[in-house]
Amino acid sequence: MAAAVSAPLLRLHHHHRCLLRHSSSPRRYPAGFSRGLSSVSFGLPRSTSTAARSTASPSAPSAAAAEATDAASAQAGSDGKGDGIGEEERVVLPTNESSDRLLRIRHTCAHVMAMAVQKLFPNSKVTIGPWIDNGFYYDFDMEPLTDKDLKRIKKEMDRIIRKNLPLVREEVSREEAQKRIEALNEPYKLEILEGIKEEPITIYHIGEEWWDLCAGPHVESTGKIDRRAVELESVAGAYWRGDESNQMLQRIYGTAWETEDQLKAYIHFKEEAKRRDHRRLGLDLDLFSIQEDAGGGLVFWHPKGAIIRHVLEDSWKQIHLQRGYDLLYTPHVAKAELWKVSGHIDFYKENMYNQMDVEDELYQLRPMNCPYHILVYKRKLHSYRDFPIRVAELGTVYRYELSGSLHGLFRVRGFTQDDAHIFCLEDQIKDEIRGVLDLTEQILGQFGFRYYEINLSTRPEKSVGSDDIWEKATLALKDALEDKGWEYKVDEGGGAFYGPKIDLKIEDALGRKWQCSTVQVDFNLPERFDITYVNSNSEKKRPIMIHRAILGSLERFFGVLIEHYAGDFPLWLAPIQARILPVTDNELQYCNEVASELKSKGIRAEVCHGERLPKLIRNAETKKVPLMAVVGPKEVQARTLTIRSRHSGEIGTMPVDEFFRRMQLAIANKSSSL
């Protein structure tokens, strides 16, 4: 994909007002606070209940099946709910965009927290304190804080809130603001003041006890805040201005809501997100690891994770071939000169690794795949009759990331993009964009992603390309989206300098948004690499180049999938689809024969033994194996299997061929049950 500078999460404007980008529609989180997370619904695409929700089997169960039922019931617990997620009433949580009141509460909470900190720690210096997606934070120059300190700060905040102190706005001259800040000995506020261009300078007071440079907005008084709907969450280090050469500050994060019920819903959401953390599940399910002996941000795919990647890649390739793409494999390094031509060394160098000397020539690890695909295009002269030309590659790229920014599979140093480039004529742009949107829907739909947030980004102030081609390309993107019937927001001026783009975020089981798919029209690289085609008048013209990715990167998308499914992958993706469990070792030979037969037919099956059946079932549940085939003496004699589903309980006893046939159909349909 083409390099694009991503917008920071926070943009500080006029003192420390924070402008946030997010969906204007309210998120939905679960209620049911007195009940455990196992009874909370987060809108999962499928049930994740355990085998305790069993139904009558189509045939009389054997002794092995009966023992399996008892074992599953014991695993589920006395309430019979297991670790499944049931349907519950949902609490609608507002966002900063959907509720002006919530935004004011959060901004005021940041000020109240800063006031509390300076009451308890008089030598602390304040910097900035914006609202953020789920609350607020404030940065302080002070000694490191502990969890015990956070409790003290929260108690002081409660006292300030109970006093119902008014929030008073005051306008002062720049000179007066500077005088007051110098009197308080607040050097960071002086620096902030220097960056404020507007006049007059505005100050917000909390009663007569504390004030800060601020543009607002705030609630009328601290009593408008429900102290039971506010919680301090954590403290972390943060460099002033985000520059590691500056002073390390103490950043206190807090969350604030309109009501206590909203806070409780948010806390349960956080607990569920923690349960789904892909780093923990990756370890528990033996899917992947980051080996520090090899280096941070470099992913090791373990056998179970690798088989899921294989399934993803295989499906991706098949769909692309059906859609008229040609597959490519290109090198991981190239001469540094290639990245000069592409402009990456000039504009993207901070994200690239140092060059390496190979026989007195400089080579560079690739940060992008685009130049390689252009070189493949340039290998021969093209006619207008050749278009559109579509090439796709699962290409591994390398980006320099600071160690502090690395985060599991979500932020790594080496990752594989599902990259593709389309070379087409101007009048083909709309149809090609529509084709990409159809392909996106098909691929993401396999995983149960049905809800998207879509943004169309238009021409920025600084750009390349003529007015005419920008207008045509932007109109083509709009028309394709409207033909598709997808709602979208227009981000005026938010496009890349080289062309307009569409960005698509998927919504996971917890309602979180993840940037995955992007479609970008590029007028820059065709010019830089001087790529052409011959038109119907035998004249050389430039083709239109479209960059697109659907999954984004395999590593990051895999992390999203782990958290979306809570590690409980559907049958077609599960690393082990069926586990065969003998009641005793007397049935082991038959179990091995069945496993071999299933594996020869493409089913990912394994035999587990050496423990009592209840323990074997419990282990299979823990490892989230979708299907279990229990084998006792009767099954061996009849050459059958008694099947249990992790999601729907006991299915029944059936011949091996029928089990295979039903599995094959379920996998083909990407169903979660037989």
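Structure: see above.
The text that follows walks through the structure, step by step, so that each part is easy to find. Remember, it's a predicted structure, so these values are computed and weren't measured experimentally.

Helix and strand counts for the protein come out as 19 helices and 32 strands. Taking all 674 residues of the protein together, 55% fall into the buried category. For the protein, long-range pairs separated by at least 24 residues make up 74% of all intrachain contacts whose partners lie at least 6 apart in sequence. When the accessible surface of the protein is split by element, carbon and sulfur atoms take 47% of a total near 30200 Å².

This part covers the environment of Arg512. Tracing the sequence through the fold places Arg512 in the loop between strand S23 (501-507) and strand S24 (513-522). Put simply, Arg512 and Val560 are 48 residues apart on the chain and 10.0 Å apart in space, counted from C-alpha to C-alpha. Of note is the side chain of Arg512, whose polar atom sits 2.8 Å from the side chain of Asp508.

In this section: a nonpolar patch on the surface. Where nonpolar side chains cluster on the molecular surface, the patch consists of Val333, Met356 and Val358 and spans about 190 Å² of accessible area. With respect to the helices and strands, the residue Val358 is situated in strand S17 (residues 356-358). The class of Val358 is partly exposed, set by a relative accessible area of 35%.

Here we take up the packing of helix H8 (residues 303-322) against helix H12 (residues 429-445). Look at H8 against H12: their axes get within 11 Å of each other, and the N-to-C directions meet at 150°. By the criterion of interaxial angle, the relationship of H8 to H12 is roughly antiparallel. Considering only the axes of H8 and H12, their crossing is right-handed. Between H8, through Trp316, Ile319 and His320, and H12, the contact on the second element is made entirely by Leu439, Gln442 and Ile443. Residues that form the contact of H8 with H12 fall into these classes: four nonpolar, two polar and no charged.

Here we come to helix H2 (residues 100-120). In a regular helix each residue adds 1.5 Å, so 21 residues correspond to 30 Å; H2 covers 30 Å between its end C-alpha atoms and thus fits that length. In terms of residue burial, H2 counts as a mostly covered element, since 16 of its 21 residues are buried.

Judged by pairing direction, the sheet is mixed, and its eight strands sit side by side in the order S15-S19-S20-S27-S24-S23-S21-S22 without closing on themselves. Sheet topology places strand S15 (326-327) and strand S22 (489-491) at the edges, where each strand pairs with a single neighbour. Pairing of S24 with strand S27 (residues 544-553), which is carried by five bridges, proceeds in the antiparallel orientation. The residue bridging Thr518 from the neighbouring strand is Ala549, located in S27. Strand contacts of H12: strand S19 (389-398), strand S20 (414-424), strand S21 (452-457), S23, S24 and S27, with the helix running at about 10° to S27, the strand carrying the most contacts. Across the sheet, helix H13 (residues 467-484) lies against S21, S23, S24 and S27, angled at about 165° from S21, the strand it touches most.

Our next topic: the pattern of salt bridges. With the rule as written, the count across this model stands at 48 salt bridges. Between Glu209 and Lys163 there is a salt bridge, with the nearest N and O atoms lying 3.8 Å from each other. Within this pair, whereas Glu209 is found in the loop between strand S9 (201-206) and strand S10 (210-213), its partner Lys163 is found in the loop between helix H3 (147-162) and strand S8 (167-172), the two being separated by 46 residues in sequence. Measuring nitrogen to oxygen at the nearest pair gives 3.7 Å for the salt bridge that ties Lys505 to Glu453. With a gap of 52 residues between them, Lys505 in strand S23 and Glu453 in strand S21 connect regions that are remote in the sequence. For Lys505, a relative accessible area of 23% puts it in the partly exposed group. Among the charged side chains, a network of salt bridges with common partners joins Arg434, Asp438, Glu441 and Lys484.

Right, let's get into the nonpolar core. Nonpolar side chains tend toward joint burial in soluble globular proteins. One finds Phe447, Ile506, Phe569 and Leu573 to be the most contacted residues of the largest nonpolar core, which totals 65 residues. Beyond its immediate stretch of four places on either side in the chain, Leu573 contacts Ile308, Val311, Leu312, Phe447, Leu561, Tyr565 and Arg604. Core analysis: the second largest hydrophobic core is formed by 31 residues, Tyr138, Met142, Leu150 and Ile252 among them.

On to the packing of helix H4 (residues 174-184) against helix H5 (residues 187-195), then. In a packed pair of helices, the relevant descriptors are the angle between the two axes and the axis-to-axis distance. Taken N-terminus to C-terminus, the directions of H4 and H5 make an angle of 165°; their axes are 9 Å apart at the nearest point. Taken together, the axes of H4 and H5 are roughly antiparallel relative to one another. Once H4 is placed against H5, the crossing between them reads as left-handed. Two secondary-structure elements touch here, H4 through Arg174, Ala177, Gln178, Ile181 and Glu182 and H5 through Lys189, Leu190 and Leu193. Across the contact of H4 with H5, the residue classes break down as four nonpolar, one polar and three charged.

Attention now goes to the environment of Met113. Residue position: Met113 is located in helix H2. Between the C-alpha atoms of Met113 and Ile160, which are 47 residues apart in sequence, the distance is 9.2 Å. Apart from the residues within four sequence positions on either side, Met113 is in contact with Phe136, Tyr137, Tyr138, Phe140, Ile153, Met157, Leu232 and Ile252.

For the rest of this paragraph, the subject is the pairing of strand S12 (residues 248-256). Taking burial as the measure, the nine residues of S12 include seven buried ones, the bulk of the element. The pairing of strand S11 (residues 230-239) with S12 spans nine bridges and is classified as antiparallel. Bridge pairing in S12 links Leu232 to Gly254.

Another aspect to go through is the pairing of strand S7 (residues 135-141). Counting buried residues in S7 gives six out of seven residues, a clear majority hidden from the surface. Two elements, strand S6 (residues 131-132) and S7, share two bridges in a ladder whose sense is antiparallel. Bridge pairing in S7 links Ile132 to Gly135.

For Val464, the location among the structural elements is in the loop between S21 and H13. Residue classification places Val464 among the partly exposed residues on the basis of a relative accessible area of 29%. On a C-alpha basis, the gap between Val464 and Phe523 in space is 6.8 Å, while along the polypeptide they are 59 residues apart. Sequence-distant contacts of Val464, that is, excluding residues within four places in its chain, are made with Trp470, Phe497, Tyr498, Phe523 and Asn524.

Before going further, it helps to spend a moment on unusual backbone geometry. In terms of backbone geometry, most residues other than glycine have negative phi values and most peptide bonds are trans. Residues Glu199 and Pro200 are joined by a peptide bond in cis, for which omega reads -5°. Among the secondary structure elements, Pro200 is positioned in the loop between H5 and S9. That bond from Phe387 to Pro388 is cis: its omega, 0°, falls within 30 degrees of zero. Residue position: Pro388 is located in the loop between helix H11 (370-377) and S19. Of note in the backbone geometry, Asn164 takes a positive phi value of approximately 55° without being a glycine. Phi is positive for Asn185, close to 55°, though the residue is something other than glycine. Looking at where Asn185 falls in the secondary structure, it is placed in the loop between H4 and H5. Residue Asn185 is classed as partly exposed on the basis of its relative accessible area of 48%.

Basis of the calculations
Residues numbered from 1 in each chain as written. Predicted model: local features only at pLDDT ≥ 70, side-chain atom pairs only at ≥ 80, totals over all residues. Heavy atoms only, no water. Helix = DSSP H or I, 4+ residues; strand = E, 2+ residues; numbered from the N terminus. Buried < 20%, exposed > 50% of the residue type's maximum accessible area, 1.4 Å probe, protein only. Contact = heavy atoms within 4.5 Å. Areas by Shrake-Rupley, 256 points an atom, 1.4 Å probe, with all protein chains shown as cover. Polar contact = N/O pair within 3.5 Å; in protein donor to acceptor, adjacent residues only side chain to side chain. Patch = residues over 30% accessible without salt bridge, like charges linked within 9 Å, V, L, I, M, F, W, Y side chains within 5 Å. Salt bridge = Lys/Arg side-chain N within 4 Å of Asp/Glu carboxyl O. Axes fitted to C-alpha atoms, helices over the stretch in contact; angles between N-to-C directions. Parallel < 35°, antiparallel > 145°, perpendicular 65-115°, else oblique. Left-handed = near helix turned anticlockwise from the far one by under 90°. Nonpolar A, V, L, I, M, F, W, Y, C, P; charged D, E, K, R; others polar. Expected span 1.5 Å × (residues − 1). Pairing = 2+ DSSP bridges. Core = buried A, V, L, I, M, F, W, Y, C linked by side-chain atoms within 4.5 Å.

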